[in-house]
Amino acid sequence: MIFTEKKIGTIAVKNRVVMPPMCMYSSDESGMVKPFHVVHYGTRAQGGVGLIILEATAVVPEGRISNADLGIWSDSHIEGLKSIVDIVHHFGAKIAIQLGHAGRKTGTGKGFSSSSIAFNEKYPEPFEMTRAQIEDVTQAFKKAAERAQKAGFDLIEIHGAHGYLINQFLSPLVNKRSDTYGCNPRYNLSFLTAIIKAIKEVYVGPVALRISGDEYEPQGLHAEDHVEIIKSLNADPQTQVNLLDVSSGGVTAAVPEIAFVAGYQVPFAAIIRKQVDIPVITGGLITTPTEIETILEKKEADFVWLGRELLRNPYWVLKTAEVLNVDCVLPRQYKRAEPYSS
Ligand SMILES: Cc1cc2nc3c(=O)[nH]c(=O)nc-3n(C[C@H](O)[C@H](O)[C@H](O)COP(=O)(O)O)c2cc1C
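Residues numbered from 1 in each chain as written. Predicted model: local features only at pLDDT ≥ 70, side-chain atom pairs only at ≥ 80, totals over all residues. Heavy atoms only, no water.

Named according to an unreviewed UniProt entry, the protein is NADPH dehydrogenase originating from Candidatus Lokiarchaeum ossiferum. As recorded by UniProt, the Cofactor (unreviewed entry) comment attached to the protein reads in full: "FMN". (UniProt positions renumbered as here; feature names shortened; annotations may be inferred.)

Printed below as a string of structure tokens:
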């Protein structure tokens, strides 16, 4: 099943292997794409990955995780991002951009958040966002989506996971507001729905949402909460998402033992996938084709990401095709290296 095509909204992905978003901290204060990024993403596309999700890309400079993150807060970013899109398309893969805002987890200074509570003692206490600031950030996501369209991205992924700004509104562990943006009682969807609506006003293409399927705290959000959240989003065409990317944690510093076990996030994805009717991606320490086949056969997810494994082995998909004796096209220039060719 790894090598079967699957549609996400209007786009067709040639196989089920996804490169998840991974910050490479390889830009500078400008947030511009560098030659490293083009080679890095181009190599994974050349290596046969079906869908690449570009690393968290900041919609405003103060939303960066570090001062070496990629940015999409200005029109000047479009050209560099398009060069990544073009090389990935050249090798037949699809590409999403992960739009993000770090909120209180920014490494660039004092951040803002749903409430003025610091992530931990290493971060400054953030400002509690005013309604005007919430509206400004929503508009920044919209402008970023317009730029993503111009750069040619096949999908937009909204970063709603890992305790970054959107997650800081969703989660009762962080969001202690008493206004309409507060949790009532488990989560608040106002900020997220405003962002999805704004993106969909300008972006033509599928929209994905990455969530922390389990926040690893008893009072935090769990898979069943996300079933409710997705059903609620998808009941309205203006807030409907086409793909759910199930990750976990990052809202607090809690890292449970299971986070060191292959497939640790699959159980959360499986609970959600059974109850929603959009494709689901998940993964976590996956390295072998057998693990992926099992997840797909058990219908626990529709796509599987290989994060750190693709950092080690960019040609994982081509190698797997060879091992499984599946017809998978080597780049034309490498034909002479096909097994049994001369
Ligand atoms: C170097 C690195 C950077 C990451 N950056 C991001 C990111 O930008 N956005 C995000 O949602 N997750 C990020 N993650 C999490 C990965 O997308 C993925 O969920 C995680 O690595 C687990 O998958 P794996 O075990 O296959 O590596 C990052 C992970 C790594 C290792």
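Once the structure has been displayed, the description carries forward.
This next bit is on the overall build of the protein. Along the protein, the regular secondary structure elements total 10 helices and 13 strands. In terms of C-alpha radius of gyration, the protein reaches 19 Å, essentially the compact-globule figure of 20 Å for 342 residues. Counting only C-alpha atoms, the protein reaches 70 × 45 × 40 Å along its principal axes. Within the protein, buried positions represent 57% of all 342 residues. (Helix = DSSP H or I, 4+ residues; strand = E, 2+ residues; numbered from the N terminus. Rg over C-alpha atoms; globule rule 2.2 N^0.38 Å. Buried < 20%, exposed > 50% of the residue type's maximum accessible area, 1.4 Å probe, protein only.)

Time to look at the nonpolar core. Membership of the largest hydrophobic core comes to 82 residues, with the highest contact counts inside it found for Ile158 and Ile199. It is helix α3 (residues 131-151) that provides the largest number of residues to this core, a total of eight residues. In contact with Ile158, not counting residues within four places along its chain, are Leu99, Ile166, Leu192, Ile195, Ile196, Ile199, Val207, Ala208, Leu209 and Arg210. Core analysis: the second largest hydrophobic core is formed by 13 residues, Ile8, Ala208, Leu243 and Ile281 among them. (Core = buried A, V, L, I, M, F, W, Y, C linked by side-chain atoms within 4.5 Å. Contact = heavy atoms within 4.5 Å.)

So, on to the UniProt feature "domain: NADH:flavin oxidoreductase/NADH oxidase N-terminal" (unreviewed entry) in the protein. Sites flagged by UniProt as "domain: NADH:flavin oxidoreductase/NADH oxidase N-terminal" (unreviewed entry) map to residues 2-324. Span residues 2-324 is 34% helix and 17% strand, its end C-alpha atoms 10 Å apart.

It is worth spelling out the packing of α3 against helix α5 (residues 190-202) at this point. The N-to-C vectors of α3 and α5 enclose an angle of 35 degrees; their axes lie 8 Å apart at closest approach. α5 is crossed by α3, and the crossing has right-handed handedness. Of the residues in α5, those touching α3 at Ile134, Val137, Thr138, Phe141, Lys142, Ala145, Glu146 and Gln149 are Phe191, Ala194, Ile195, Ala198, Ile199, Glu201 and Val202. A breakdown of the residues in the contact of α3 with α5 according to their chemical character gives 10 nonpolar, two polar and three charged. (Axes fitted to C-alpha atoms, helices over the stretch in contact; angles between N-to-C directions. Left-handed = near helix turned anticlockwise from the far one by under 90°. Nonpolar A, V, L, I, M, F, W, Y, C, P; charged D, E, K, R; others polar.)

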